[in-house]
Every structure is written in C-alpha cells, then in structure tokens.
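# Topology and contacts: notes
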Amino acid sequence: MTLRHLEIYVKVVETGSMSTASKELFVTQPTVSGAISELEKEYKVLLFERLNKRLYITKEGEKLYLYARKMLSIAEDMERQLGSNEDNSPIRIGATVTIGTCMLPEYINKFSGHSPSVDISNTRNIVQLVLSNKLDIGLVEGRVTSEDIRAIPFMKDEMMFICKKNHKLAVRKSVNLEEILRYPLVLREKDSGTRTIIDEAIESKDNLKANVIWNCNNTQAIINAVLSEIGVTILSSSLIAGYDELCAIRIKDVKIERDFQLIMHKDKYVTNKLHEFMDIVLNK
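Residues numbered from 1 in each chain as written. Predicted model: local features only at pLDDT ≥ 70, side-chain atom pairs only at ≥ 80, totals over all residues. Heavy atoms only, no water.

### Focus: the overall build of the protein chain
Our working definition: The secondary structure listing takes helices from DSSP runs of H or I that are at least 4 residues long and strands from runs of E that are at least 2 residues long, numbered from the N terminus. Buried residues are those whose accessible area, probed at 1.4 Å on protein chains only, stays under 20% of the maximum for their type, while exposed residues exceed 50% and partly exposed ones sit between those limits. Contact definition: two residues touch when any of their heavy atoms are within 4.5 Å. Calculation of accessible area relied on Shrake-Rupley with a 1.4 Å probe; when residues are assessed, cover is drawn exclusively from the protein chains displayed. Charge counting treats Lys and Arg as positive and Asp and Glu as negative, with His and both chain ends excluded. Charge positions come from single atoms, namely NZ of Lys, CZ of Arg, CG of Asp or CD of Glu.
Counting its regular elements, the protein chain contains 11 helices and 12 strands. For the C-alpha atoms alone, the extent of the protein chain along its principal axes is close to 70 × 50 × 30 Å. Each of the 284 residues in the protein chain was classed as buried or not, and the buried ones make up 46%. Restricting to contacts in the protein chain with at least 6 residues of sequence separation, those with at least 24 account for 72%. Accessible area of the protein chain: about 15100 Å², with a carbon and sulfur share of 48%. Charge separation in the protein chain, taken as the distance between the mean sites of 39 positive and 39 negative side-chain charges, equals 3 Å.

### Let's talk about the packing of helix H1 (residues 3–15) against helix H3 (residues 29–43)
Operational definition: With axes taken as lines fitted to C-alpha atoms, and helix axes fitted only over the stretch in contact, angles between N-to-C directions fall between 0 and 180 degrees. Should an angle lie under 35 degrees it is considered roughly parallel, over 145 roughly antiparallel, and from 65 to 115 roughly perpendicular; all remaining angles are considered oblique. Residues are grouped as follows: Ala, Val, Leu, Ile, Met, Phe, Trp, Tyr, Cys and Pro are nonpolar; Asp, Glu, Lys and Arg are charged; every other residue, Gly included, is polar.
Interaxial distance between H1 and H3 falls to 9 Å at its minimum, and their mutual angle equals 105 degrees. In terms of orientation, H1 and H3 fall into the roughly perpendicular class. Side by side, H1 and H3 meet where His 5, Leu 6, Ile 8, Tyr 9 and Val 12 of the first sit next to Thr 31, Val 32, Ala 35, Ile 36, Glu 38 and Leu 39 of the second. Broken down by class, the residue content of the contact of H1 with H3 amounts to eight nonpolar, two polar and one charged.

### Quick look at the side chain of Thr 194
Test applied: Here a polar contact is taken to be a pair of N or O atoms separated by no more than 3.5 Å, where protein atoms must pair a possible hydrogen donor with a possible acceptor and residues adjacent in sequence count only if both atoms sit in side chains.
Positionally, Thr 194 belongs in helix H9 (residues 193–203). The exposure class of Thr 194 is buried, given its relative accessible area of 2%. Within the structure, the side chain of Thr 194 is placed 2.3 Å from the side chain of Arg 258, a separation counted as a polar contact. If we ignore the near neighbours within four places in the chain, the residues touching Thr 194 are Glu 141, Met 159, Arg 188 and Arg 258.

### Some thoughts on the nonpolar core
For clarity, the cut-off: Here, nonpolar core means buried Ala, Val, Leu, Ile, Met, Phe, Trp, Tyr and Cys residues that are tied together by side-chain atoms lying within 4.5 Å of each other.
The biggest cluster of nonpolar side chains holds 22 residues, and the ones touching the most others in it are Phe 161, Leu 177, Ile 180, Ile 234, Ile 251 and Ile 256. When residues of this core are traced back to their parent elements, those giving at least two are strand S6 (149–164), helix H8 (177–180), strand S8 (185–188), H9 and strand S11 (246–251). No other element matches the four residues that H9 contributes to this core.

### Here we look at the pattern of salt bridges
Going by this rule: Salt bridges are identified by distance alone: a Lys or Arg side-chain nitrogen within 4 Å of an Asp or Glu carboxyl oxygen.
Within the structure shown, the criterion is met by 24 salt bridges. A salt bridge links Lys 70 to Asp 267; its shortest N-O distance comes to 3.6 Å. Taken together, the residues Lys 70 in helix H4 (residues 59–81) and Asp 267 in the loop between strand S12 (257–265) and helix H11 (272–282) connect sequence positions 197 residues apart. The class of Lys 70 is partly exposed, set by a relative accessible area of 27%. Here Asp 267 falls in the partly exposed class, since its relative accessible area comes to 33%. In this structure, the salt-bridge partner of Lys 164 is Glu 229, at a minimum N-O distance of 3.4 Å. Pair noted here: Lys 164 is in strand S6 and Glu 229 is in the loop between helix H10 (219–227) and strand S10 (233–236), with a separation of 65 residues, a long-range link. Overlapping salt bridges bring together Arg 69, Lys 70, Asp 148, Lys 266 and Asp 267 as one network.

### Some details on the environment of Ser 115
Among the structural elements, Ser 115 can be located in the loop between helix H6 (104–110) and strand S4 (117–120). Separated by 23 residues in the primary sequence, Ser 115 and Arg 92 place their C-alpha atoms 9.5 Å from one another.

### Considering the packing of aromatic side chains
The line we're drawing: Each Phe, Tyr or Trp ring, with Trp reduced to its six-membered ring, pairs with another whose centre is within 6.5 Å; inter-plane angles below 30 degrees give stacked pairs, above 60 give edge-to-face pairs, and intermediate values give tilted ones.
Counting across every chain of the model gives five aromatic pairs. Between Tyr 107 and Phe 277, the aromatic rings sit 6.5 Å apart at their centres with planes inclined by 85 degrees, giving edge-to-face as the arrangement. Of this pair, Tyr 107 sits in helix H6 while Phe 277 sits in helix H11, and the two are 170 residues apart along the sequence. Residue Tyr 107 is classed as buried on the basis of its relative accessible area of 1%. A residue is classified by how much of its surface remains accessible, and Phe 277, at 0% relative accessible area, is buried. Each ring, one from Phe 111 and one from Phe 277, has its centre 5.8 Å from the other, and the planes form 90 degrees; the classification is edge-to-face. Highlighted residues: Phe 111 in the loop between H6 and S4 and Phe 277 in helix H11, separated in sequence by 166 residues.

Take a look at the structure:
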C-alpha cells in the first residue's frame, strides 16, 4: 500500500466514480480499479458494493476513507515543511464573509510573516477546506460538528435588526422578532453559519414565518438591498459601520448570538508562524 493507492481511493470515494477519478487524477481507469483491488486484497475487505454500475461504499470502506484522508493530510504537511524554511511558507487562511470583512484585515496587519493566502467563503465550505488540508486554519461563525476539527471560540457576536433610518421601526430602541418578520427579509444563503442561527431563532417561536425575498452569499449585496429599501435584514452591527443611512436595533425577545471560532484539523502540525497567527486571533 502506498500513498498513491490512498490518493486514488480518496478520489473515488469523493467523486463516487472510478471513471471520474481517473480523469481528475490523469490516470487510466484500469489503474484506478487496480489500485482499489489491491487495497481490498491487502486488507481483505470489500471497500465498495458494485450495484447497477454504481459504487456504494461499505462500512469498512468508510473506515479506510477516514484514515486515508488523515494520512494524505499529514503527508502533504510534511512535504510543505521539510526541505524549506517553515517561516517562509505562507499560511493558508479561510474566513467567513463577516470575519473576513470586519476582522481579518486587522489580524493580517499584525502578522509578521509573508502575506497569507486567504479564502473567503461560508462556514460549511471553510470546514471542508480545512478537513481536506487545503487550508491551514479557518475563522468561522456558528457550529462545527466534525470530530476531526479542533474549534476554539474567540469572540461572541450578537445579531441585530438592520434597516434604513426612514423605516417605521427605526425610531425604536428594541423590537420583537415578530415585528421584524412582517417585512421582507434579505438574508445570507442557507449554507452559511449566520443563516443557520437566524433560522433556528425563527423556528423557536411558534407560528412565526419569514418572508425571505433574497438569499445572498455576499454581505455587501445585502447592505445594498437594504439601502435600496428592497427589504430589511438581520446582521452583525459591525458590518454597517460607516453607513449613515442605516441603523442597528436590538432584538429583545430572542438573542440571536453566534460564536466566532478558530478551527483547524485536530492533527494539524502547528508551525511557528501559524502559532503566531493563532495568538493574534485568540488574544485580540
């Protein structure tokens, strides 16, 4: 068994197809099927059920996938660090839209190393990139449930009702969730940590439904929609700093609060520079 066997196996699991795996790895399909057969012979297990020309991973196959992904991640880290000065290797950071917009620039400004590689996405995507070792570290909001992820909370953020200053509710110091839901909402997309927390808050109130007219994966688009009076929103008040036409009002009958978390793979090798960046975030 070699790392190449494991690389092929992981690609087959993730694509669900030997032919697709062969194309993405630039090898022949017999090479892929041969690698799978060799793994099955070596460990004396069946990794896939082959039914109606489709592959269905077995329980033994799922176990091997978890180990294979972990071994490939460690091997990739080793190759990145050995033979080079780790301090010259840029760290790879992922951040959600809110954190990337409001906080990450300050963290990077304090960082003494080379400019990091940055990926801005939603929580779900950042978690997957950390699990696949495409990112060294992630800064996300909301819950992370993977057992392979180490998550460290570093800040709490309360979500607020955001509207234009000419809105009927703008004169209020606080509002109920039911009052907010009378108006069209512009919210983050379903996969985002922010949206999950908002949806759970609405579901916690009996007989309340949201009229979401626009799902956005871009915070600036949400702010522009509110400025154009297309709808109202629920966001972190930090995102509207500098927008004099907007106001943030506390939601008094339900606390929509989220944890900002630093995440990394539990087996991640922490370099000096990665440790420095973690300290900047956690000690802010």
